[in-house]
Amino acid sequence: MNKILISIDPDFRKSISRKNVRGCIMSSISLGALDNYNESVSLSITSNEKLEELNDNFLGKKEPTDVLAFPFNDNWKEGKINNKNLADYENFKYLGDIFISFPKIKEQAKTHKTGIELELNIILAHGVLHLLGYDHKNEIMKRKMIIKTVEIMKHLKLDHIKAKLSLESRNG
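Overview of the structure. (Residues numbered from 1 in each chain as written. Predicted model: local features only at pLDDT ≥ 70, side-chain atom pairs only at ≥ 80, totals over all residues. Heavy atoms only, no water.)

What to know about the sheet that holds strand E2 (residues 40–46)
Whenever strands of a sheet pair, they do so through backbone hydrogen bonds, lying parallel or antiparallel.
And then number 1: Spatial strand order, E1-E2-E6-E3: 4 strands in an open sheet with mixed pairing. The open sheet has two free edges, formed respectively by strand E1 (4–8) and strand E3 (67–71), since each of these has just one partner strand. Each strand of the sheet is rotated relative to its neighbour by a mean of 10°, with strand direction disregarded.
And then number 2: Of the pairings in the sheet, the one linking E2 to strand E6 (residues 94–101) comprises 7 bridges and is parallel in character. Bridged to Ile45 within E6 is Ile100.
And then number 3: Strand contacts of helix H2 (residues 48–59): E2, E3 and E6, with the helix running at about 50° to E3, the strand carrying the most contacts.
And then number 4: Strands in contact with helix H5 (residues 116–131) are E2, E3 and E6; relative to E6, the strand with the most contacts, it is inclined by about 150°. (Pairing = 2+ DSSP bridges. Helix = DSSP H or I, 4+ residues; strand = E, 2+ residues; numbered from the N terminus. Axes fitted to C-alpha atoms, helices over the stretch in contact; angles between N-to-C directions. Contact = heavy atoms within 4.5 Å.)

Shown next as structure tokens:
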């Protein structure tokens, strides 16, 4: 069983279902991990200011962003365990940390016409996929992430068609 630690800033607690967030993380790991391992994750849903601070400290970008994912290690590559680090993995079954800006989710929900619930799930799945070694550095990798994210939205019984159209229209 995956251990999922969820922290939601008090200002946003009424707008977010912990049960739905947990379900999205579980589905993202289940569908994103091609190797079957139980992994723990920590999620913090917070402010633009916190994401800006993290973005500046870790990526040198002094601006808020929607999501930052910090993998615990580099054991995962597109959903598969990298065997060269398997000994490390056995000792630390921890995927990593995800930080999401809820104000950015609300802003993007309007921009992309997805609604807050779908947008939050899209961005959360995106963060989990990053922890599992997926990336969008080129068009092929970006396509794989879109396909996997849409699959997760479908599994969650969310509007996967709207998610697909929205994701395909985005730059990053």
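On we go from here.
A look at helix H6 (residues 139–155)
And then number 1: Along its 17 residues, H6 runs 24 Å from first to last C-alpha, staying within 8% of the 24 Å computed at 1.5 Å per residue.
And then number 2: For H6, every residue scored as buried is listed here: Met141, Lys142, Met145, Ile146, Lys148, Thr149, Val150, Ile152 and Met153.
And then number 3: In this structure, the buried side of H6 is in contact with helix H1 (18–32), strand E4 (76–77), H5 and helix H7 (160–168).
And then number 4: You can read the cap of H6 off the contacts: a side-chain oxygen lies 3.0 Å from the backbone nitrogen of Ile140, and it is on Asn138.
And then number 5: Lys157, located one to two residues past H6, shows a positive phi value of around 60°. (Expected span 1.5 Å × (residues − 1). Buried < 20%, exposed > 50% of the residue type's maximum accessible area, 1.4 Å probe, protein only. Polar contact = N/O pair within 3.5 Å; in protein donor to acceptor, adjacent residues only side chain to side chain.)

With respect to H1
And then number 1: Spanning 15 residues, H1 covers 21 Å between terminal C-alpha atoms, matching the ideal 21 Å at 1.5 Å per step.
And then number 2: Looking only at H1, the buried set comprises Val21, Cys24, Ile25, Ser27, Ser28, Ile29, Leu31 and Gly32.
And then number 3: Those residues of H1 hidden inside the fold are in contact with E1, E2, E6, H5 and H6.

Looking at the packing of aromatic side chains
And then number 1: For the structure on display, the rule yields 4 aromatic pairs.
And then number 2: Ring centres of Phe72 and Tyr94 lie 5.7 Å apart, and the angle between their planes is 80°; this geometry places the pair in the edge-to-face category. Here Phe72 is found in the loop between E3 and E4, whereas its partner Tyr94 is found in strand E6, with 22 residues between them in sequence.
And then number 3: Under the relative-accessibility criterion, Phe72 is labelled partly exposed at 41%. (Phe/Tyr/Trp six-rings, centres within 6.5 Å; stacked < 30°, edge-to-face > 60°.)

Some words on the pattern of salt bridges
And then number 1: Tallied over the entire structure, the rule returns 7 salt bridges.
And then number 2: A salt bridge links Lys137 to Asp135, with the nearest nitrogen and oxygen atoms 3.9 Å apart.
And then number 3: Using a relative accessible area of 68% as the deciding quantity, one classes Lys137 as exposed.
And then number 4: In this structure, the salt-bridge partner of Glu151 is Lys148, at a minimum N-O distance of 3.4 Å. Of this pair, Glu151 and Lys148 both sit in helix H6, 3 residues apart, which is roughly one turn of that helix.
And then number 5: Of the residues examined, Glu151 reaches a relative accessible area of 33% and is grouped as partly exposed.
And then number 6: One network of salt bridges, with partners in common, ties together Arg143, Lys164 and Glu168. (Salt bridge = Lys/Arg side-chain N within 4 Å of Asp/Glu carboxyl O.)

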